[in-house]
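Each chain, written out:
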Protein chains: 2
Amino acid sequence: METSLQVKIQNRTRDIEQIIYSYLPEETGYQKTVLAAMNYTMKAGGKRLRPMLMEETFRLFGGTDRKQIEPFMAAIEMIHTYSLIHDDLPAMDNDDYRRGRKTAHVVYGEAMAILAGDALLNYAFETAAKAFQGTADDIITAKAFRILASKPGIYGMIGGQAVDVETEQQQIPFEELLFIHENKTAALIECAMMIGAVLAGASDEEVRVVENIAKKTGLAFQIQDDILDRTSTQEELGKPVGSDEKNQKNTYVSMKGLSAAREDVIQYTKEAIDAFDSLHRENAFLRDLLRDLSGRKH
Amino acid sequence: METSLQVKIQNRTRDIEQIIYSYLPEETGYQKTVLAAMNYTMKAGGKRLRPMLMEETFRLFGGTDRKQIEPFMAAIEMIHTYSLIHDDLPAMDNDDYRRGRKTAHVVYGEAMAILAGDALLNYAFETAAKAFQGTADDIITAKAFRILASKPGIYGMIGGQAVDVETEQQQIPFEELLFIHENKTAALIECAMMIGAVLAGASDEEVRVVENIAKKTGLAFQIQDDILDRTSTQEELGKPVGSDEKNQKNTYVSMKGLSAAREDVIQYTKEAIDAFDSLHRENAFLRDLLRDLSGRKH
């Protein structure tokens, strides 16, 4: 059962990479180095979880027009990727490797990595804007655009990242840690699923339920991340473990303890699945995927 | 005559700052430091030339709906400002001062300056998206959005900036210098004026003429910048001169010589004004402003 889900996920990842790659810029012209730096990081692998959740939520609400959803799928992966490039910079986390590959600033230099990150963030909006057709459908696309422009920003992902950077090696209240997790991690998952729902024509009430599903899933996902960093081995995880402790990072585990953290993963996951079931819509793969995200081992 | 134009410009700058400030985020919440870093740089002064050109082009084509244009005026200034924050970073130009004030990374640290730049770029799109109303007007707004998402990006401003960074202290062909000037400087001026035209309902043909006016104006502006860096005094310019030579930068003056550069400023300005007059539309202030930009002493 679990194996079969993993195979399905791998297949979806492969399909989504085809879509994303079709939206990447060609590496030609005077600016080809920065274009190469953008594509280098976009092609660094990963599950492509955010576009996957977007597309499956689109399907959940009966969406079918691929020309409308695909630019947004590529766009959200560009936003996720630019955030990784900038997070890895020497002035930030100073990571030389990610998923076993050298990071952008190691390969292309710091200036080019800053610009490649800027370029990917900007290109995300340029790519999503390709969904505008000059017809009445633009009203729906504009609604999706507003979500794409808000959830990754200062009242979402960047806000969470800024507080995370600023409070490293400081004692913070638990509410502030929740703020970081909700914004740094959950906001982009909310963004993905809400855009899928909006583009498929979901009602405002349904979009609010989707936002809640995504928030709970994002929190469970991030807490599980904190747990794995403490309990997993480098072999299981495919990356060094114990880095949170080493960097004296505030984590769910360091603040609430391992067993309470595990209980909260179960609780948030249950709330996400209950909210999903309350929609009375069918997408067995998405339902399994949401459950799998928090129970994952890597 | 020239004095009276300068007074008019100062008055317009003051009005535009009111508009821009009304779109800046409040400095509250856990993420208040990064919000303060954004606003610190947004409030650092300058002529607010890009929103000014946008608004005056909007007027040129009879635009009146301020709710439609104002979010875009704020947005383009946010994009200009993020590019300054990132340009000044230690990994880029490493400038500690701009317009006599400490730069963002000096005041807030490098990590926060990177994030404040990211946040302003993202917030530009979030702000412009406020112009979407959920009505048929969104079709026009979407057209402006596509321009806002393309001209500052990899095939515009960032592209030019990347090539400029990469070719510092290298010999390059003259065509490559033109590419840098057209993209790093002119693209954002094109963006401003084209959005003003589109939002006022200009035809595609008129928008193309506006793009050409803006490109020629942007080139004249940048060449004049190169000339002033060589010929002006620190007192006249209000900033250190000779920095291009010191940094061994490729400039129009170093490649074509001072007298050819001066001729080309006159030629590009003439082409811009001729194109402007070919529109047969009235905005005497905009016409004077376009001429003034290339003839300026500071």
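Residues numbered from 1 in each chain as written. Chains lettered and ligands numbered in written order. Predicted model: local features only at pLDDT ≥ 70, side-chain atom pairs only at ≥ 80, totals over all residues. Heavy atoms only, no water.

**Brief notes about the overall build of chain A**
Argument step 1. In terms of helices and strands, chain A carries 15 helices and 2 strands.
Argument step 2. For a compact globule of 298 residues, the expected C-alpha radius of gyration is about 19 Å, and chain A comes in at 19 Å, within 12% of that figure.
Argument step 3. Each of the three principal axes of chain A carries a C-alpha extent, and together these read 55 × 50 × 35 Å.
Argument step 4. Evaluated residue by residue, chain A yields a buried proportion of 59% over its 298 residues.
Argument step 5. Pairs at least 24 apart in sequence give 72% of the contacts found in chain A among residues at least 6 apart. (Helix = DSSP H or I, 4+ residues; strand = E, 2+ residues; numbered from the N terminus. Rg over C-alpha atoms; globule rule 2.2 N^0.38 Å. Buried < 20%, exposed > 50% of the residue type's maximum accessible area, 1.4 Å probe, protein only. Contact = heavy atoms within 4.5 Å.)

**Looking at the packing of helix H6 (residues 110-128) of chain A against helix H6 (residues 110-128) of chain B**
Argument step 1. At a minimum axis distance of 10 Å, the contact between H6 of chain A and H6 of chain B shows a crossing angle of 20°. One element, H6 of chain A, and the other, H6 of chain B, form an angle in the roughly parallel class. In this structure, H6 of chain A crosses over H6 of chain B, and the sense of that crossing is right-handed. Of the residues in H6 of chain B, those touching H6 of chain A at Glu 110, Asp 118, Leu 121, Asn 122 and Phe 125 of chain A are Glu 110, Asp 118, Leu 121, Asn 122 and Phe 125 of chain B.
Argument step 2. When grouped by side-chain class, the residues that make up the contact of H6 of chain A with H6 of chain B number 4 nonpolar, 2 polar and 4 charged. (Axes fitted to C-alpha atoms, helices over the stretch in contact; angles between N-to-C directions. Parallel < 35°, antiparallel > 145°, perpendicular 65-115°, else oblique. Left-handed = near helix turned anticlockwise from the far one by under 90°. Nonpolar A, V, L, I, M, F, W, Y, C, P; charged D, E, K, R; others polar.)

**What to know about the environment of Asp 229 of chain A**
Argument step 1. As for its position among the elements, Asp 229 of chain A is in helix H10 (residues 204-231).
Argument step 2. For Asp 229 of chain A, a relative accessible area of 10% gives the class buried.

**What about the interface of chain A and chain B?**
Argument step 1. Facing 52 residues of chain A, the contacting portion of chain B comprises 52 residues.
Argument step 2. Contact between chain A and chain B buries roughly 4600 Å² in total, counting both sides, with carbon and sulfur atoms accounting for 71%.
Argument step 3. Inspection of the chain A/chain B interface yields 10 residue pairs in polar contact (both at pLDDT 80 or more).
Argument step 4. Those elements that provide at least two residues to the side of chain A that touches chain B are helix H2 (32-42), helix H4 (66-87), H6, helix H7 (138-150), helix H8 (157-166) and helix H9 (174-199) of chain A.
Argument step 5. Looking at which element gives the most residues to the side of chain A that touches chain B, the answer is H6 of chain A, with 12 residues.
Argument step 6. Classifying every residue of the side of chain A that touches chain B gives 32 nonpolar, 10 polar and 10 charged. (Buried area = accessible area lost by both parts, 1.4 Å probe. Polar contact = N/O pair within 3.5 Å; in protein donor to acceptor, adjacent residues only side chain to side chain.)

**Looking at the confidence of the model for chain A**
Argument step 1. On average, residues of chain A carry a pLDDT of 94, and 97% of them reach 70 or more.
Argument step 2. Scoring the predicted complex yields pTM 0.96 and, for the interface, ipTM 0.96. (pLDDT = per-residue confidence, 0-100.)

**Side note on the nonpolar core**
Argument step 1. Within the largest apolar cluster, 172 residues are counted, with the highest numbers of intra-cluster contacts made by Phe 72 of chain A together with Phe 72 of chain B.
Argument step 2. Once residues within four sequence positions are removed from consideration, Phe 72 of chain A is found in contact with Met 54, Ala 128, Ala 131, Thr 141, Ala 144, Phe 145, Leu 148, Ile 195 and Leu 199 of chain A. (Core = buried A, V, L, I, M, F, W, Y, C linked by side-chain atoms within 4.5 Å.)

**Considering the relation of the copies chain A and chain B**
Argument step 1. For the pair chain A and chain B, the relating rotation is 180°, the translation along its axis is 0.0 Å, and the fit reaches an RMSD of 0.0 Å. Taken together, these values place the two copies in the relation of a two-fold axis.
Argument step 2. Same-surface contact between copies: 100% of interface residues of chain A are shared with the interface of chain B. (Least-squares fit on C-alpha atoms with pLDDT ≥ 70 in both.)

**Notes on the side chain of Thr 57 of chain A**
Argument step 1. Mapping Thr 57 of chain A onto the fold places it in helix H3 (residues 49-60).
Argument step 2. Once you skip the residues sitting within four places of it in the chain, Thr 57 of chain A turns out to touch Met 193, Gly 196, Ala 197, Val 210 and Leu 286 of chain A.

**Points about unusual backbone geometry**
Excluding glycine, residues mostly carry a negative phi; peptide bonds, for their part, are mostly trans.
Argument step 1. Here the phi dihedral of Arg 99 of chain A falls at roughly 50°; this positive angle occurs in a residue that is not glycine.
Argument step 2. Under the relative-accessibility criterion, Arg 99 of chain A is labelled partly exposed at 47%.

**Regarding the packing of H3 of chain A against H9 of chain A**
Residues and elements named next belong to chain A.
Argument step 1. At a minimum axis distance of 7 Å, the contact between H3 and H9 shows a crossing angle of 30°. With respect to each other, H3 and H9 are oriented roughly parallel. The hand of the H3/H9 crossing is right-handed. Contacts from Arg 50, Leu 53, Met 54, Thr 57 and Phe 58 in H3 reach Leu 188, Ile 189, Ala 192, Met 193, Ile 195, Gly 196, Ala 197 and Leu 199 in H9.

**A few points about the packing of aromatic side chains**
Argument step 1. Within this structure, the stated rule accounts for 17 aromatic pairs over all chains.
Argument step 2. Centroid distance Tyr 155 of chain A to Tyr 123 of chain B: 6.4 Å. Interplanar angle 70°. Geometry classified as edge-to-face. Of this pair, Tyr 155 of chain A sits in the loop between H7 and H8 while Tyr 123 of chain B sits in helix H6, on two different chains.
Argument step 3. Given a relative accessible area of 42%, Tyr 155 of chain A falls into the partly exposed group.
Argument step 4. Tyr 123 of chain B sits in the buried class, given a relative accessible area of 5%. (Phe/Tyr/Trp six-rings, centres within 6.5 Å; stacked < 30°, edge-to-face > 60°.)

**A look at H7 of chain A**
What sets the pattern is the α-helix's 3.6 residues per turn: residues three or four places apart point alike.
Argument step 1. In this model H7 of chain A runs 18 Å from its N-terminal to its C-terminal C-alpha over 13 residues, within 8% of the 18 Å that 1.5 Å per residue would give.
Argument step 2. For H7 of chain A, the set of buried residues is Asp 138, Thr 141, Ala 142, Ala 144, Phe 145, Ile 147, Leu 148 and Ala 149 of chain A. (Expected span 1.5 Å × (residues − 1).)

**Some words on the pattern of salt bridges**
Residue and element names in this part refer to chain B.
Argument step 1. Under the criterion given, the structure shown has 48 salt bridges over all chains.
Argument step 2. In this structure, Asp 88 and Arg 98 form a salt bridge, with 2.9 Å as the shortest nitrogen-oxygen distance. With a gap of 10 residues between them, Asp 88 in the loop between helix H4 (66-87) and strand E1 (97-98) and Arg 98 in strand E1 connect regions that are remote in the sequence.
Argument step 3. Between Lys 256 and Asp 264 there is a salt bridge; the shortest N-O distance is 3.0 Å.
Argument step 4. On the accessibility criterion, Lys 256 (36% relative accessible area) is partly exposed. (Salt bridge = Lys/Arg side-chain N within 4 Å of Asp/Glu carboxyl O.)

**A closer look at H3 of chain A**
Residues and elements named next belong to chain A.
Argument step 1. Here H3 contains 12 residues, and its C-alpha end-to-end distance of 16 Å stays within 8% of the 16 Å for a straight helix at 1.5 Å per residue.
Argument step 2. Counting buried positions along H3 gives 11 out of 12 residues, so the element sits mostly inside the fold.
Argument step 3. For H3, the complete set of buried residues consists of Leu 49, Arg 50, Pro 51, Met 52, Leu 53, Met 54, Glu 55, Glu 56, Thr 57, Phe 58 and Leu 60.
Argument step 4. Positive backbone phi, approximately 80°, marks Gly 62, located one or two places after H3.

**Focus on the environment of Ile 9 of chain B**
All names here are of chain B.
Argument step 1. Among the structural elements, Ile 9 can be located in helix H1 (residues 2-22).
Argument step 2. You can call Ile 9 buried: its relative accessible area is 4%.
Argument step 3. Taking the C-alpha atoms as reference points, Ile 9 and Leu 115, separated by 106 residues in sequence, lie 32 Å from one another.
Argument step 4. The contacts of Ile 9, once residues within four sequence positions are left out, are Lys 47, Met 52, Phe 285, Leu 289 and Asp 292.

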